[in-house]
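One letter stands for each residue in the lines below.
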Amino acid sequence: MLDLKKIREQFPILKEQVNGKPLVYFDNAATSQKPLSVINAITNYYSSMNANIHRGIHSLAETATVAFEETRKSCQQFINANSTDEIIFTRGTTEAINLVASSFGEVLLEGDEVIISTMEHHSNIVPWQMLCQKTGATLKVVPISDEGEFLFDEYKQLLSKRTKIVAITYASNALGTINPIEDIIDQAHQVGAKVLIDAAQAASHLPIDVQSQDIDFLAVSGHKMYGLSLIHI
């Protein structure tokens, strides 16, 4: 049995009251509250080791750099990346997706194709719209059913040898739909396309294994699961 009282005690903000009643917070899909362990870790950093990482050889800089890289290892293990070199820290999923669009996206040529779905967050729509406008590539959108489900047969029909990247959410922030990303990735790879998975809503609830799931790019918002943010490449 979960001891809800002990769990609440880990989150200082839950001692606050709203309208004279204990705070109940249901907006974790937007951002999660931070437990005391995370708050203490941040406080400890600024009170005992604050320094520019990778840019100094003095004691504080070396201590901060080691702590920073240990965090990269934790992220690698969390998503089962092959190497810490595959972990890139960003300020959130939006920046992560924009980073992929503005880097990998540079290979797109006029006539190439990008595929997204109707259920995507704007963060996984606008960067691809802008990229297609810039390069002359075509943006294709997979429709969804009246029940809010990804229409897989329509997706397969949209794929072609001109498809260069498929950018799909693992779990919809608006609908709660969980997409069959393994099948989506397999079909994309069959035509030589790369896949970006927006796992902002999924990483805190569903297992992520970028190796076994064969994910090319994974964008995750750490702030939705008590911490910061990362992107896997």
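Before any of the text, the structure's been laid out above.
All values reported here derive from a predicted model rather than from experimental measurement.

A.B. asks: How should the overall build of the protein be read in this particular structure?
C.D. replies: Tallying secondary structure elements over the protein gives seven helices and nine strands in all. With respect to the principal axes defined by its C-alpha atoms, the protein has extents near 55 × 50 × 30 Å. Burial status across the protein gives 39% buried among its 233 residues. For the protein, long-range pairs separated by at least 24 residues make up 60% of all intrachain contacts whose partners lie at least 6 apart in sequence. Charged side chains in the protein number 18 positive and 27 negative. The centres of these two groups are separated by 7 Å.

A.B. asks: Where do I start with the nonpolar core in this structure?
C.D. replies: Note that soluble globular proteins tend to have their nonpolar side chains buried in a common cluster. The biggest cluster of nonpolar side chains holds 30 residues, and the ones touching the most others in it are Tyr155, Val166, Ile197, Ile208 and Leu218. When residues of this core are traced back to their parent elements, those giving at least two are helix H3 (59-79), strand E6 (163-169), helix H7 (181-190), strand E7 (194-198) and strand E8 (217-220). In terms of residue count, H7 provides more of this core than any other element does, four residues in total. The contact partners of Ile197, leaving out residues within four places of it in the chain, are Ile168, Tyr170, Ile181, Ile185, Ile215, Phe217, Leu218 and Ala219.

A.B. asks: In this structure, what is going on with H7? I would like to understand it.
C.D. replies: What H7 keeps buried is the set Ile181, Ile184, Ile185, Gln187 and Ala188. All buried residues of H7 lie within an arc of 165 degrees about the axis, which places them on one face of the element. Packing partners of the buried residues in H7 comprise helix H6 (152-158), E6 and E7. At the exit of H7 stands Gly192, carrying a positive phi of roughly 85 degrees.

A.B. asks: Looking at this structure, I do not really get the pattern of salt bridges. What am I missing?
C.D. replies: Side chains carrying opposite charge are able to pair once their charged atoms draw close together. Counted according to the given criterion, the structure contains seven salt bridges. Ionic pairing is found between Arg162 and Asp112, a salt bridge with its closest N-O pair at 3.0 Å. Highlighted residues: Arg162 in the loop between H6 and E6 and Asp112 in the loop between helix H4 (93-103) and strand E4 (113-117), separated in sequence by 50 residues. What makes Arg162 partly exposed here is its relative accessible area of 38%.

A.B. asks: For this particular structure, what's the right way to read the packing of aromatic side chains?
C.D. replies: For any pair of aromatic rings, the description consists of the separation of the ring centres together with the inter-plane angle of the planes. The tally for this structure, following the rule as stated, stands at seven aromatic pairs. Ring geometry for Tyr45 versus Tyr46: centroids 5.0 Å apart, planes at 80 degrees, classification edge-to-face. Taken together, a centroid distance of 5.7 Å and an interplanar angle of 55 degrees make the contact between Phe152 and Tyr155 tilted. Taken together, the residues span about one helical turn, with Phe152 and Tyr155 both in helix H6 at a distance of three residues.

A.B. asks: For this particular structure, what's the right way to read the pairing of E4?
C.D. replies: Every other side chain in a regular strand lies on the same face of the sheet, so the side chains alternate between the two faces. Counting buried residues in E4 gives five out of five residues, a clear majority hidden from the surface. Because side chains alternate across E4, one face comprises the buried residues Glu113, Ile115 and Ser117, and the other comprises Val114 and Ile116, equally buried. The sheet contact formed by E4 and strand E5 (residues 138-142) spans five bridges and is parallel. Looking at E5, one finds that Glu113 is bridged to Thr138. In this region the chain leaves E4, passes through helix H5 (residues 126-135) and returns to the parallel neighbour E5; the handedness of that crossover is right-handed. In the sheet, E4 pairs with E6 via three bridges, with the strands oriented parallel. Looking across to E6, one finds that Ile115 is bridged to Val166.

A.B. asks: So what exactly am I meant to see when it comes to the pairing of E8 here?
C.D. replies: Both faces of E8 are covered, namely the face carrying Phe217 and Ala219 and the face carrying Leu218 and Val220. Of the strand pairs in this sheet, E7 and E8 are connected by three bridges, and their pairing is parallel. Residue pairing for E8: Asp198 is matched across the bridge by Ala219.

What counts and what doesn't
Residues numbered from 1 in each chain as written. Predicted model: local features only at pLDDT ≥ 70, side-chain atom pairs only at ≥ 80, totals over all residues. Heavy atoms only, no water. Helix = DSSP H or I, 4+ residues; strand = E, 2+ residues; numbered from the N terminus. Buried < 20%, exposed > 50% of the residue type's maximum accessible area, 1.4 Å probe, protein only. Contact = heavy atoms within 4.5 Å. Lys, Arg positive; Asp, Glu negative; His and termini not counted. Charge placed at Lys NZ, Arg CZ, Asp CG, Glu CD. Core = buried A, V, L, I, M, F, W, Y, C linked by side-chain atoms within 4.5 Å. Arc of directions from axis to C-beta. Salt bridge = Lys/Arg side-chain N within 4 Å of Asp/Glu carboxyl O. Phe/Tyr/Trp six-rings, centres within 6.5 Å; stacked < 30°, edge-to-face > 60°. Pairing = 2+ DSSP bridges. Right-handed = clockwise from strand over helix to strand, strands pointing away.

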